[in-house]
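# Overview (structure and organization)
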Amino acid sequence: MTIPTFDRAGLEKALLEDLPDLLAEVRDRLAEHWPDYAAFLDTDRDAVLGPAELFVHRLLDMSLANLRNPEQTTFEQADAAVRAVFEEIGRTQLREGNDLTRLLTAFQLGARVAWRHVAATALRLDFAPDHLAALADSVFVFVNQLSFSAANGYLQEQIEDAVARERRREELADLLLAGSATSEALRSAAVQAAWRIPETAAVVIYSGERSGDHQAATTLVARLEPGALPIRRNGLVVGAIVPEPAGPGRRLQLSRELAGMGAVVGNAVALAQLPRSLEIARIAVRLRTTGVLSGDPVFADEHLDALIVWRDEALVAALRDEMLAPLEGETDAARERLAETLASWLRHFGDRQAIAQELSIHPQTVRYRMARLRTLYGDRLDDPDSRARLFLALEWPGP
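Quick summary incoming for the structure in this document. (Residues numbered from 1 in each chain as written. Predicted model: local features only at pLDDT ≥ 70, side-chain atom pairs only at ≥ 80, totals over all residues. Heavy atoms only, no water.)

As a further point, take the packing of aromatic side chains. In total, this model carries 0 aromatic pairs according to the counting rule given. The ring centre of Phe299 lies 4.4 Å from the NZ or CZ of Arg251, which sits over that ring. (Phe/Tyr/Trp six-rings, centres within 6.5 Å; stacked < 30°, edge-to-face > 60°. Lys NZ or Arg CZ within 6 Å of the ring centre and 35° of its normal.)

Here you go:
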């Protein structure tokens, strides 16, 4: 196919010479509704001229291609260099806090102004009608392609910004849980993570039946308010740091957010004490898993007595073995009855009637059992320290 004569060199020279007037008109048209863009055209003229000249070169490339094959004016004709320039424009708009819709609308306005200048220049150079048609088609197709590139850059920057922000939030959580960072380091990390430093915080961790269900932990963290910092271990979400967990209405809010998720909420502490909140939450997870604690979610500060007693399970077992050793010679049934009676005797400070009522037995039965217990334990039942240790051994008999 013979390509019609197309005075590319003459048109390109004329359009490049006209660029300052074209940009001035675009600036004036933008000034009313997009004064920041108009100001940018004034203050960053050199930064604008480069993409504008590139636009002219590629526009003429597309027009010639359109004359060869009008059905194939495609995005590929806007080559990688052009796409990269306008993707960076889109990225810059996000960094500067500008809205994508405003940018694309400004592009369309610029396209209309550009077409008027291109058409006027082409007519002055006596371009044929089919050449004008090819130019018109190329202008608007090319601007749409550039708009797509800018939008893609904007969205990619958004995604990368979100990923970077999430990474900074995770790094801040690690810093807080390390417990060794200086106040200045924490302030700096909090600024980078866009996190307002609270007076107190707590650790929330997953304690579901399926300890390997990391998706459940991710869902748990996603339910929390935006101020929560995700905690990752080995690349997987395992919990979060929540600010001001004891603030007005916060417990109710956390209860609703975490309902049914198998979560444990550590106690509220100053930021420097967050490693302790994590340690307490982990103990609570273990006790929830073994059935010592119940609730969904479990708030650790409601179970501090159990946490203190069960912090070291081996020590609790050792205490129980020591304090209940005098009952070892009894039958299983007798041992159970005597332990039950002794626990009630300790709870009711020896009140025989209260013990009988609690255990649904006759006071004489209480008297008989206590006589047997005194035979087994001797003076230890009158020793305050021994009674305290017996109480712990009987009240926390194990999962």
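This paragraph deals with the nonpolar core. Formed by 42 residues in total, the largest nonpolar core has its most connected members in Leu11, Leu30, Phe55, Leu135 and Phe142. Elements represented by at least two residues in this core include exactly α1 (8-31), α2 (35-43), α3 (45-68), α4 (80-95), α5 (100-124) and α6 (129-178). Element by element, the count of residues in this core is highest for α5, at 10 residues. The next biggest cluster of nonpolar side chains, apart from the first, holds 34 residues, and it includes Ala193, Val203, Ala300 and Leu307. (Core = buried A, V, L, I, M, F, W, Y, C linked by side-chain atoms within 4.5 Å. Buried < 20%, exposed > 50% of the residue type's maximum accessible area, 1.4 Å probe, protein only. Helix = DSSP H or I, 4+ residues; strand = E, 2+ residues; numbered from the N terminus.)

What follows deals with unusual backbone geometry. With an omega of 10 degrees, the peptide bond between Asp296 and Pro297 qualifies as cis. Its location among the elements puts Pro297 in the loop between α10 (274-289) and β6 (298-299). Phi angles above zero are rare outside glycine, and Asp126 is one such case at about 60 degrees. One can find Asp126 in the loop between α5 and α6. The phi torsion at Ala194 lies on the positive side, around 55 degrees, for a residue other than glycine. The topology assignment puts Ala194 in the loop between α7 (183-192) and β1 (200-206). On the accessibility criterion, Ala194 (62% relative accessible area) is exposed.

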